[in-house]
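As a plain string of letters, each chain reads:
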Amino acid sequence: MTYDVTLTELASTTTCHQRVHTTAAGIAGAVGRGLQELYEFAADCSAAPTGPPQLALAGPLTDGDVTLDLYLPISATPAARGPIDVVVLPEGPAAQTFHHGRYEDVPAAYEAVFAWIREHGRHQAGPPRELYLTGPDTATNPADYLTEVVVPLRRD
């Protein structure tokens, strides 16, 4: 698969956030549960979702423990509760591409984005994120999933 990587401008985004610890084998279940908790938090706080759920690795992906940051853009700024807090993802430039297909194949999209960053002499400003535009909640076939990969960049 080839990836069209473009430069975009991310808007500042208020999100509810949860850090999740799991194993490499347990990522899918942990993400599903974590996102469900974020949607429930938003509903309980009358903070409507304003964009797709997002995931960022909070550390290296290994065969052992994995730490993930899950985000859900929301329309309000409610008080934190339990393991869920509210954070603002900053505005700024980002390299982006779109991956069509299974989540297991998303690393190829990251490789394309990081190659573009090197080629264009840009510098990463924050952790890469996956935005889940189409997933198991709306598509029955994993070939129909659509994931946006964004890597925030320093402003040059």
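My aim in this report is to walk through the structure given alongside it, one point at a time. Residue indices follow the written sequence of each chain, beginning from 1 at its first position. This being a predicted model, a pLDDT of at least 70 is required before a residue's local features are given, and a value of 80 or more before pairs of side-chain atoms are given or counted; all residues contribute to the totals for chains, interfaces and linings. The basis for the side-chain values is all heavy atoms of the structure; hydrogens and waters are excluded.

**Observations concerning the overall build of the chain**
Runs of E in the DSSP output that reach at least two residues are strands. Runs of H or I that reach at least four are helices, and both are numbered from the N terminus. Within the chain, the secondary structure is distributed over two helices and eight strands. Starting at the N terminus and walking to the C terminus, you meet the elements of the chain as β-β-α-β-β-β-β-α-β-β. For 156 residues, the compact-globule estimate of 2.2 N^0.38 gives 15 Å, and the C-alpha radius of gyration of the chain, at 15 Å, lies within 12% of that figure. Judged by the C-alpha coordinates and their principal axes, the chain covers about 45 × 35 × 30 Å. Note on classification: 1.4 Å probe, protein chains only; a residue is buried when its accessible area is under 20% of the maximum for its type, exposed when over 50%, partly exposed between these limits. Looking at the chain residue by residue over its 156 residues, the buried ones come to 42%. C-alpha atoms define the radius of gyration, and 2.2 Å times the number of residues to the power 0.38 defines the globule rule.

**A look at the state of the cysteines**
Linking two cysteines covalently through their sulfur atoms gives a disulfide. Throughout, disulfides are identified as pairs of cysteine sulfur atoms within 2.5 Å of each other. Evaluation of the coordinates by the stated rule reveals zero disulfides. Here Cys-16 is not cross-linked by a disulfide; its sulfur's nearest cysteine counterpart is in Cys-45, at 8.0 Å. With relative accessibility at 0%, the residue Cys-16 sits in the buried group.

**So, the sheet that holds strand β3 (residues 54–57)**
The eight strands lie next to each other as β1-β6-β8-β7-β3-β4-β2-β5, forming an open sheet whose pairing is antiparallel. Since the sheet does not close on itself, it has two edges, and those belong to β1 (6–10) and β5 (84–89), each with one partner. In this sheet, adjacent strand axes meet at a mean angle of 35 degrees when their direction is disregarded. DSSP bridges decide pairing: two strands pair if at least two such bridges lie between them. Sheet topology places β1 next to strand β6 (residues 92–100); five bridges connect them, and they run antiparallel. Opposite Thr-8, over in β6, you have Ala-94 as the bridge partner. Between N-to-C directions, angles cover 0 to 180 degrees, with each direction set by a line fitted to C-alpha atoms, over the stretch in contact for helices.

**What about the pairing of β3?**
In this structure, β3 lies alongside strand β4 (residues 65–73), joined through four bridges in antiparallel fashion. Considered in β4, the bridge of Ala-56 is made with Asp-69. In the sheet, β3 pairs with strand β7 (residues 129–134) via two bridges, with the strands oriented antiparallel. Paired with Leu-55 across the two strands is Glu-130, which belongs to β7.

**Some details on the environment of Met-1**
Position of Met-1 relative to the elements: it lies in the segment before β1. As a C-alpha pair, Met-1 and Pro-142 span 141 residues in sequence and 15 Å in three-dimensional space. Here, residues are in contact when the closest pair of their heavy atoms is within 4.5 Å. With near-sequence residues (within four places) excluded, Met-1 lies in contact with His-99 and His-100.

**Describing the environment of Ile-27**
Among the structural elements, Ile-27 can be located in helix α1 (residues 27–44). Note: C-alpha distance between Ile-27 and Ser-12 (15 residues apart in sequence) is 27 Å.

Remember that the coordinates give geometry; whether it matters functionally is a separate question.
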